[in-house]
Amino acid sequence: MNYDTFLSRAAEKMQQSAIRQMGTVAAQVPDIISFAPGYPSPDAFAWDAYREIASDLLGGRDGGVLQYGPTRGYKPLLETLVGLLERRGIAATPDQLMVTTGSQQGLDLAARVLLDPGDVVLLELPSYTGALTAFANAQASLVGVRQQPDGIDLDDLETVTARLAREGRRVKALYVVPNFQNPTGLLIGRPKRGALLEWAARHDTLVIEDDPYGELAFDEAITAADTRPIKADDAAGRVIYLSSFSKTLAPAFRSAWMVAPPPLAAKFEVAKQAIDLCTGSFDQRLVYEACRRGVLDRQIPTLRDLYRRRRDAMENALKCATGIGARWVTPRGGFFLWVTLPDEVDTTRLLPHAMRRGVIYVAGRAFHVDGTGHQTMRLAFSAATLERIAEGIGRLAAAITEQRAAPGPAPAPAAAIPAVP
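Because the structure is predicted, anything quoted here is derived from the model rather than measured. (Residues numbered from 1 in each chain as written. Predicted model: local features only at pLDDT ≥ 70, side-chain atom pairs only at ≥ 80, totals over all residues. Heavy atoms only, no water.)

A. Layout of helix H10 (residues 281–292). Taking 1.5 Å of rise per residue, 12 residues should cover 16 Å, and H10 covers 16 Å from first to last C-alpha, within 8% of that figure. Within H10, nine of the 12 residues are buried, which leaves the element mostly enclosed by the surrounding structure. For H10, the complete set of buried residues consists of Ser281, Gln284, Arg285, Leu286, Val287, Tyr288, Glu289, Ala290 and Cys291. Looking at the packing, one finds that the buried side of H10 touches helix H3 (47–58), helix H4 (75–87), strand E2 (97–101), strand E9 (255–259) and helix H11 (295–320). One or two steps after H10, the chain reaches Gly294, where phi turns positive at roughly 85 degrees. (Helix = DSSP H or I, 4+ residues; strand = E, 2+ residues; numbered from the N terminus. Expected span 1.5 Å × (residues − 1). Buried < 20%, exposed > 50% of the residue type's maximum accessible area, 1.4 Å probe, protein only. Contact = heavy atoms within 4.5 Å.)

And the structure:
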């Protein structure tokens, strides 16, 4: 039966996440070292604390623990989020807040509520593939803006905006990840954050600010002012702010949140009701208790130290891999190292070589909306141990050397390794 004839026009254009594809590969191949998905390290999970909290929650007779909850979220957790946001410089009220099932749902809600087919969304080059997927599935027109070592290139932003205006195309929103960006690890400089608000006001557009990594700064010289969200200085209500507990507590809780002007927050609530009614009540209560009991605050220093050491291990391994010509900007936080290889190396064609040697990553093209990035790759250092990082970079370097020595079509993947598009 040909089910294609039953698909909507939107479904026909839906795109699969390149990161999720590589996660599937990692699960199917024995002993593969995965630098693909940006998973937190299980070594950092507060297992004992979560076990105690779960036991306490399930040991009582509060039916709400296992019941449906309000679409906006569990009230004590929302109140906790107000305080958490205040520490980040954001003055939020309950009518601006909503708990979401992961930040990815926040991106999907923003796309559903704000975008019509053909609407223009600007994104950093490169940008997070989950955002690309959410906006592309809404049939938006995605346009890239170059980055510099201190984040988005403001001159290119103006150039792109002016070109679109000449073409009669309005920019509906700009999507940015200011703190330790996925995939590059870059940190948008303080002056640029204010300039983005000024740009949004001049061009009457919205800013979608995604901030899952802001707590994970490695460099002690980085202050709260350096990671201060753009939303914190948003007096006009142009910024929709997303953040999550996935990188600091655990992704399985699927507890994140969004902050938006009340009229938009109300629309997001209606859209969420049609998707899942509410985020899991048990998860929200567990996250609330983790915040109330100080688990989150105790976790942050541990996470910063753990991921700093893993970043250092990956950088050191790359420096020792002589002859591959890798270049990168040292990330000062987050989960990722963004590597640029010599122009003759195509990281999509390199993948079968790497997979045959037992290592995977995400090829850079997946993060670009303009077809560029063929010589780039994202390496996640967050989940692998120090020993596996060293071994994996060694395997990757051998694959790069192999491909450069034998240019031409990539080898067919081994029988046990599924082909990657």
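B. Looking closely at empty space enclosed by the protein. Overall, the coordinates contain one cavity of 30 Å³ or more when judged by the stated rule. Of the volumes computed, that of the largest cavity is approximately 40 Å³. What lines the largest cavity is Leu84, Arg88, Glu215, Phe245, Thr248, Leu296 and Ile300. When grouped by side-chain class, the residues that make up the lining of the largest cavity number four nonpolar, one polar and two charged. (1 Å grid on protein atoms, 1.4 Å probe; cavity = no way out; pocket = protein on both sides within 12 Å on 5 of 7 lines; lining within 4 Å. Points joined across faces, edges and corners; volume = space filled by probe spheres on them. Nonpolar A, V, L, I, M, F, W, Y, C, P; charged D, E, K, R; others polar.)

C. Spatial organisation of the pattern of salt bridges. All told, the structure shown has 33 salt bridges when counted by the stated rule. The partner of Lys192 in a salt bridge is Asp150, with the nearest N and O atoms 2.7 Å apart. Of this pair, Lys192 sits in helix H8 (residues 190–202) while Asp150 sits in the loop between strand E4 (141–148) and strand E5 (151–152); the two residues are 42 residues apart in sequence, bridging distant segments of the chain. What makes Lys192 buried here is its relative accessible area of 8%. Judged by relative accessible area, which is 34%, Asp150 ranks as partly exposed. When the shortest N-O distance is used, the salt bridge between Arg228 and Asp233 registers 2.9 Å. Residue Asp233 is classed as partly exposed on the basis of its relative accessible area of 45%. Salt bridges here are not isolated pairs; linked through shared partners, they connect Glu52, Asp56, Glu289, Arg292 and Arg293. (Salt bridge = Lys/Arg side-chain N within 4 Å of Asp/Glu carboxyl O.)

D. Geometry of the packing of helix H12 (residues 347–356) against helix H13 (residues 386–405). Between H12 and H13, the least distance of the axes is 9 Å, while the angle of their chain directions is 125 degrees. Taken together, the axis directions place H12 and H13 in an arrangement best described as oblique. Between H12 and H13 the crossing geometry is right-handed. Where H12 approaches H13, its residues Arg349, Leu350, His353 and Ala354 are matched on the opposing element by Leu396, Ala399, Ile400, Glu402 and Gln403. When grouped by side-chain class, the residues that make up the contact of H12 with H13 number five nonpolar, two polar and two charged. (Axes fitted to C-alpha atoms, helices over the stretch in contact; angles between N-to-C directions. Parallel < 35°, antiparallel > 145°, perpendicular 65-115°, else oblique. Left-handed = near helix turned anticlockwise from the far one by under 90°.)

E. Highlighting the packing of aromatic side chains. One pass over the full model with this rule turns up 11 aromatic pairs. Both rings, one in Phe135 and one in Tyr175, keep their centres 5.7 Å apart while their planes meet at 75 degrees; by these two values the pair is edge-to-face. Taken as a pair, Phe135 in helix H6 (residues 129–137) and Tyr175 in strand E6 (residues 171–176) lie far apart in primary sequence, 40 residues in all. Both residues of the pair, Phe135 and Tyr175, count as buried. On the basis of an interplanar angle of 65 degrees and a centroid distance of 6.2 Å, the ring pair of Phe335 and Phe336 is categorised as edge-to-face. Here Phe335 matches Phe336 in class, with each residue buried. Here the aromatic residues Tyr213, Tyr307, Phe335 and Phe336 are joined through ring pairs into a cluster of three or more. (Phe/Tyr/Trp six-rings, centres within 6.5 Å; stacked < 30°, edge-to-face > 60°.)

F. Just the sheet that holds E5, in detail. The strand order across the open sheet formed by eight strands is E2-E9-E8-E7-E6-E3-E4-E5, and the pairing between neighbours is mixed. In this open sheet, the two edge strands, each paired with only one partner strand, are E2 and E5. Alignment of E6 against strand E7 (residues 206–210), held across four bridges, turns out to be parallel. Paired with Val176 across the strands is Glu209, a residue of E7. Seen against the sheet, H4 touches E2, strand E8 (239–244) and E9 and runs at an angle of roughly 105 degrees to E2. (Pairing = 2+ DSSP bridges.)

G. Quick look at the pairing of E4. In this sheet, E4 lies alongside strand E3 (residues 120–125) in parallel orientation, the contact comprising six bridges. Following the sheet pairing, Leu123 is matched in E4 by Gly144. In the classification by handedness, the crossover that spans E3, the intervening H6 and the parallel E4 is right-handed. Note: E4 against E5, two bridges, orientation antiparallel. Of the residues in E5, the one forming a bridge with Gln147 is Ile152. If you look at the hairpin formed by E4 and E5, you'll find two residues sitting between the two strands. (Right-handed = clockwise from strand over helix to strand, strands pointing away.)

H. Representation of the sheet that holds strand E13 (residues 376–380). Here we have three strands laid out as an open sheet, ordered E10-E13-E12, and antiparallel in their pairing. Either end of the sheet is taken by a strand with one partner, and the two such strands are strand E10 (336–340) and strand E12 (362–363). Summarising the sheet, E12 and E13 pair through two bridges and their orientation is antiparallel. By the bridge assignment for E13, Val362 is matched with Arg378. Where H11 meets the sheet, its contacts fall on E10 and E13, and the angle it forms with E10 comes to roughly 20 degrees.

I. Broad picture of helix H7 (residues 154–166). With 13 residues, H7 extends 18 Å between its outermost C-alpha atoms, agreeing within 8% with the 18 Å of an ideal straight helix rising 1.5 Å per residue. For H7, the set of buried residues is Asp156, Leu157, Val160, Thr161 and Leu164. The buried side chains of H7 occupy one side of the element, clustering within an arc of 135 degrees when seen end-on. In H7, the exposed residues that point more than 90 degrees away from the buried face are Asp155, Thr159, Ala165 and Arg166. In this structure, the buried residues of H7 make contact with E3, E4, E6 and H8. (Arc of directions from axis to C-beta.)

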